[in-house]
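Geometric and topological summary
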Amino acid sequence: MTVSQLRRRVNALKRKFAPELAVISLRRIAEAVADDWDSSQSLEPPDVIGRIARAGFRLPTFANLHRYLDDTRRQGDVPDPCDIVLSLLPWARKDRYRELLRWDFPASAL
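For the structure given in this document, a descriptive report is provided here. Just so it is clear, the structure is predicted and the values come from calculations on it, not from any experiment.

Criteria and cut-off values
Along each chain, the written sequence defines residue order, and numbers are assigned to residues from 1. This being a predicted model, a pLDDT of at least 70 is required before a residue's local features are given, and a value of 80 or more before pairs of side-chain atoms are given or counted; all residues contribute to the totals for chains, interfaces and linings. The basis for every side-chain value is the complete set of non-hydrogen atoms in the structure, without hydrogens or water. A run of H or I in DSSP counts as a helix once it spans at least four residues, and a run of E counts as a strand once it spans at least two, with each numbered from the N terminus. Exposure categories follow from relative accessible area, calculated using a 1.4 Å probe and restricted to protein chains: below 20% of the type maximum is buried, above 50% is exposed, and the middle band is partly exposed. Accessible surface area values rest on a Shrake-Rupley calculation with a 1.4 Å probe, where residue burial reflects the displayed protein chains alone. Take the buried Ala, Val, Leu, Ile, Met, Phe, Trp, Tyr and Cys residues and link them wherever side-chain atoms come within 4.5 Å; each set so joined is a nonpolar core. Note on contacts: a residue pair qualifies if any of its non-hydrogen atoms lie within 4.5 Å across the two residues. For helices, the fitted axis covers only the stretch in contact; all axes are lines through C-alpha atoms, and the angles between them, taken along N-to-C directions, range from 0 to 180 degrees. If an angle is under 35 degrees, it is roughly parallel; if it is over 145, roughly antiparallel; if it lies from 65 to 115, roughly perpendicular; otherwise it is oblique. We call a crossing left-handed when the near helix sits turned anticlockwise from the far one by less than a right angle, and right-handed when that turn is clockwise. Ten residue types, Ala, Val, Leu, Ile, Met, Phe, Trp, Tyr, Cys and Pro, are classed as nonpolar, four, Asp, Glu, Lys and Arg, as charged, and the remainder, Gly among them, as polar. The term salt bridge refers to a side-chain nitrogen of Lys or Arg lying within 4 Å of a carboxyl oxygen of Asp or Glu.

With respect to the overall build of the protein chain
The helix and strand tally for the protein chain stands at 6 helices and 0 strands. Tracing the protein chain from N to C terminus, the helices and strands come up as α-α-α-α-α-α. Buried residues in the protein chain amount to 36% of all 110 residues. Surface accessibility of the protein chain: about 7,400 Å² in total, with carbon and sulfur atoms responsible for 53%.

Concerning the nonpolar core
With 22 residues, the main nonpolar core has Leu 26, Ile 52, Leu 88 and Leu 89 as its most contacted residues. Elements with a minimum of two residues in this core: helix H2 (18-39), helix H3 (48-54), helix H4 (62-75) and helix H5 (81-88). Residue contributions to this core peak at 7 residues, all from H2. The contact partners of Ile 52, leaving out residues within four places of it in the chain, are Leu 26, Ile 29, Phe 57, Phe 62, Leu 65 and Leu 88.

As for the environment of Asp 80
As for its placement among the helices and strands, Asp 80 is situated in the loop between H4 and H5. Considered as a pair, Asp 80 and Leu 69 are 11 residues apart in the sequence and their alpha carbons are 9.8 Å apart.

Section: the packing of H2 against H5
When two helices pack together, their arrangement is given by the angle between the helix axes and the distance between those axes. Following both chains from N to C, one finds H2 and H5 inclined at 130°, their axes separated by 8 Å at the closest point. With respect to their mutual orientation, H2 and H5 come out oblique. Regarding H2 and H5, the two cross each other, and that crossing is right-handed. Touching Leu 26, Arg 27, Ala 30, Glu 31, Val 33 and Ala 34 of H2 are Pro 81, Cys 82, Ile 84, Val 85 and Leu 88, all from H5.

Looking at the packing of helix H1 (residues 3-16) against H2
Relative to each other, H1 and H2 sit at 75°, their axes nearing to 5 Å. Looking at the two axes, H1 sits roughly perpendicular to H2. The segment H1 lies against H2, with Lys 14, Arg 15 and Lys 16 engaging Ala 18, Pro 19, Glu 20 and Leu 21. Grouping the constituent residues of the contact of H1 with H2 by class yields 3 nonpolar, no polar and 4 charged.

Describing the pattern of salt bridges
Summed over all chains, the structure comprises 5 salt bridges. Across the pair Arg 51 and Asp 36 runs a salt bridge, and its minimum N-O distance is 2.2 Å. Pair noted here: Arg 51 is in helix H3 and Asp 36 is in helix H2, with a separation of 15 residues, a long-range link. Taking the relative accessible area as the measure of exposure, Asp 36 reaches 32% and is therefore partly exposed. Among the salt bridges present, the one from Asp 70 reaches Arg 73, with a minimum N-O distance of 2.5 Å. Here Asp 70 pairs with Arg 73, and both are found in helix H4, just 3 residues apart, close to one helical turn.

Put into structure tokens, the structure is as follows:
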């Protein structure tokens, strides 16, 4: 098997499992954001949308995330990583992704 054949197979698997990979990647970012938010002593929360955009996600649901983060900041709470992902990916509420949202991913594994 040549390298180009392997690359085509890997790309096909990435397309096949794109929703799952998106949930896992965003969950890792959300874990890091929640950790930074909790340890931050300043009034300004971390740049969550910037981190997600730098990771390559261009989502039409950034407004949902912004509202969720504003509500969380007003209440003085730390955002929940699952809620961050679900505000960005509303289709992830399906039962098929429930286990992916429950796993604890280390933020350093980005």
